[in-house]
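Okay, here's what each chain looks like letter by letter:
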Amino acid sequence: MAEQTDLLVLGGGTGGYVAAIRAAQKGLNVTIVEKYKLGGTCLHKGCIPTKALLRSAEVFDTMKESDIFGIESNNEYVVNFKKIQERKQSIVDQLHSGVMGLCKKNKIRILEGEGVILGPSIFSPVSGAVAVTFNDKSKEEEIIVPKNVIIATGSSPKTLPNLPLDEENILSSDGMLELETLPKSIVIVGGGVIGVEWASLLNSLGVKVTIVEFLDRLLINESSSVSRQLKKSLKDKGIDILLSSKVESAIIGKKGVKVSIEGKEKLTVDKVMVAIGRAPNVNGFGLQNTSVKFGNKGIEVNEFYQTTEGHIYAIGDCIDTMQLAHVAMKEGELAVAHLLQEEVVPINYTNVPRGVYTNPEVASVGYVKDNVPKDRKVKIGKFNFAGNGKALVYGGNEGFVEVIRDEETDDLLGVSIIGPHATDLITEASTSMYLDATPLEIGEAIHPHPTLTEALQEAALDTYGLAIHK
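Cut-offs and rules
Residues numbered from 1 in each chain as written. Predicted model: local features only at pLDDT ≥ 70, side-chain atom pairs only at ≥ 80, totals over all residues. Heavy atoms only, no water. Salt bridge = Lys/Arg side-chain N within 4 Å of Asp/Glu carboxyl O. Helix = DSSP H or I, 4+ residues; strand = E, 2+ residues; numbered from the N terminus. Buried < 20%, exposed > 50% of the residue type's maximum accessible area, 1.4 Å probe, protein only. Expected span 1.5 Å × (residues − 1). UniProt positions renumbered as here; feature names shortened; annotations may be inferred.

Draft legend 1. Structural detail: the pattern of salt bridges. Evaluation of the coordinates by the stated rule reveals 16 salt bridges. In this structure, Glu 333 and Arg 22 form a salt bridge, with 3.6 Å as the shortest nitrogen-oxygen distance. Of this pair, Glu 333 sits in helix H8 (residues 325–339) while Arg 22 sits in helix H1 (residues 14–25), and the two are 311 residues apart along the sequence. Judged by relative accessible area, which is 23%, Glu 333 ranks as partly exposed. The shortest N-O distance in the salt bridge between Glu 58 and Arg 55 comes to 2.8 Å. Taken together, the positions of Glu 58 and Arg 55, both in helix H3 (residues 47–64) and three residues apart, correspond to about one turn of that helix. A relative accessible area of 31% means that Glu 58 is categorised as partly exposed.

See below:
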C-alpha cells in the first residue's frame, strides 16, 4: 500500500534538509529520501571538509611565520596529513549528527535509499509518486505519494574527455578529500573557486602546485583587480599559474602523470586534479517519466522554483542558479513558502554574497567593477589593508576592499574584498545591500577600532572622496 505524505524531498543535502525542516516547522508531514548521508555535497564533499583542511593549512602557515610575531622555536614543524584528515572527518561527523538530530526533532521521516519519480499511475493520477529502493536490500520497495515534491539532487564534479577520472591519479574534489597521503606535486586543471582553494591549501602543506586555467585570469566572475591580486599572492607563495592554457592530455605512467599542455613543456606530477565545475544531477531518478523540463544546465523552474508540473519543485545545484550552499538553503525555504501559498519575494541573485577560502580570502556581493551595467555611472572606492591597523597586527596586510556606488541614485551596487577574513567581512556589505543602505551610511556608522571592518568603512567613504586614512 502506498504511503501518503504532504511533502517529499528528494535529496537530503543542504537545500533539501533545510526545506524539510522549514516545512515541518509549518506543520507539514515531511519525508526525505537520501541515498548517501544527510548534509549532501556541502557537508561531506565540499564546503565543510575543504574548509577544515584549509584551516589546518592556515595554522601551519602561521607556525612557519611565527618568528615574525616574535615567537621563536628550534623545533621543525611537520605535517601529519593523517591527523589532518581525521580532524576533518570528526568535524563532518559532528555536523552530520547535528543534522540528523534536527530532522528527528522535527519528526521528519528519513528514508535511506534511491527515489524514482513516477508518472501518472495507479498510485496517483498525476506525476510525483516516488518509488523508493532502500540501501538496506532486506527492505521491500516502498511507494510514497506526496502532495508536493522538492527535488534537491545536487551536482557532481565535471571532467573533460581527455581527463578521465579514476580518483587515484586523476582526481575530482571528491577523490582529493579521500587522499591518505599528500602528493609531492600536482597539476590543478581549473582556476575557479574549487581550483584556487585546493591550490592554496596544498601549497601551504608543502605540495608543488601548478594551476592550468583555460581563460585569461583566475576567478573569472570576480573583479579583475581581485583576480590580479590573488594571482600575485599565489605566485609569491610558489604556485605556478598558467593562464590562457589548455591541457591536451594526462598519461598515467610508473613515475607519475605526464601532463601535456598546449604550447608548453610537458610536466610530470604525482597527481592531477580536475576542477572545472560541477554538473547538475538530473538523470537516474525518473524525470523522464514526467513533463518536467530539464537539460545539461539543470531542471527548468520559475522564480518560485516550480517546474512545469506545479506541485513539483526543484532547488539547489540541480537547477541553473548559483551553486552555493547558502543559495540552496534560501531556495528551499522559498519553495516551501510558495507551496504553502505564502508571500514570496524572489531572490536577487546579483546580491548573493560569494566567498573563496584561499589565503588570502576573497569575497564579494553585488556587482564587480567588470560587470556593472553600462547605463550605470559609478564611483569606485578602494582601501588597502596595508593601511588598516588590525590587518597589520594580524599579519595579513595584503589585499584591499572595493566599493561600487551608483553616482545618480547613491545605491550601493557591490563590494569586493581580498584579504584577511574577507568571507566574514562581506556580511556587513551583504546586510547593507539587503537593507538598502548607501555607502555613506556605511561610512558614517561608527566602526570599532581597531578592526578589519574599518577597511570597508574607508572604502565606502572613498566613493565620495571622504576616506580619512587614504
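After that view of the structure, there is still more to cover.
Draft legend 2. Looking closely at helix H6 (residues 193–204). For H6, spanning twelve residues, the distance from its first C-alpha to its last is 17 Å, which sits close to the expected 16 Å at 1.5 Å a residue. Within H6, burial applies to Gly 195, Val 196, Glu 197, Trp 198, Ala 199, Ser 200, Leu 201, Leu 202, Asn 203 and Ser 204. Of the residues flanking the end of H6, it is Gly 206, one or two places downstream, whose phi is positive at about 100 degrees.

Draft legend 3. Region of the structure containing unusual backbone geometry. Of note, the bond from Asn 359 into Pro 360 is cis; its omega dihedral lies within 30 degrees of zero at 5 degrees. Of note, the bond from His 449 into Pro 450 is cis; its omega dihedral lies within 30 degrees of zero at 0 degrees. By the element assignment, Pro 450 lies in the loop between helix H11 (439–444) and helix H12 (453–462). The backbone phi angle of His 421 is positive, close to 55 degrees, even though this residue is not glycine.

Draft legend 4. Spatial organisation of the UniProt feature "domain: Pyridine nucleotide-disulphide oxidoreductase dimerisation" (unreviewed entry) in the chain. Listed under "domain: Pyridine nucleotide-disulphide oxidoreductase dimerisation" (unreviewed entry) in the UniProt record, and renumbered for this structure, are residues 352–460. The distance separating the terminal C-alpha atoms of residues 352–460 is 19 Å; by composition the span is 30% helix and 28% strand.

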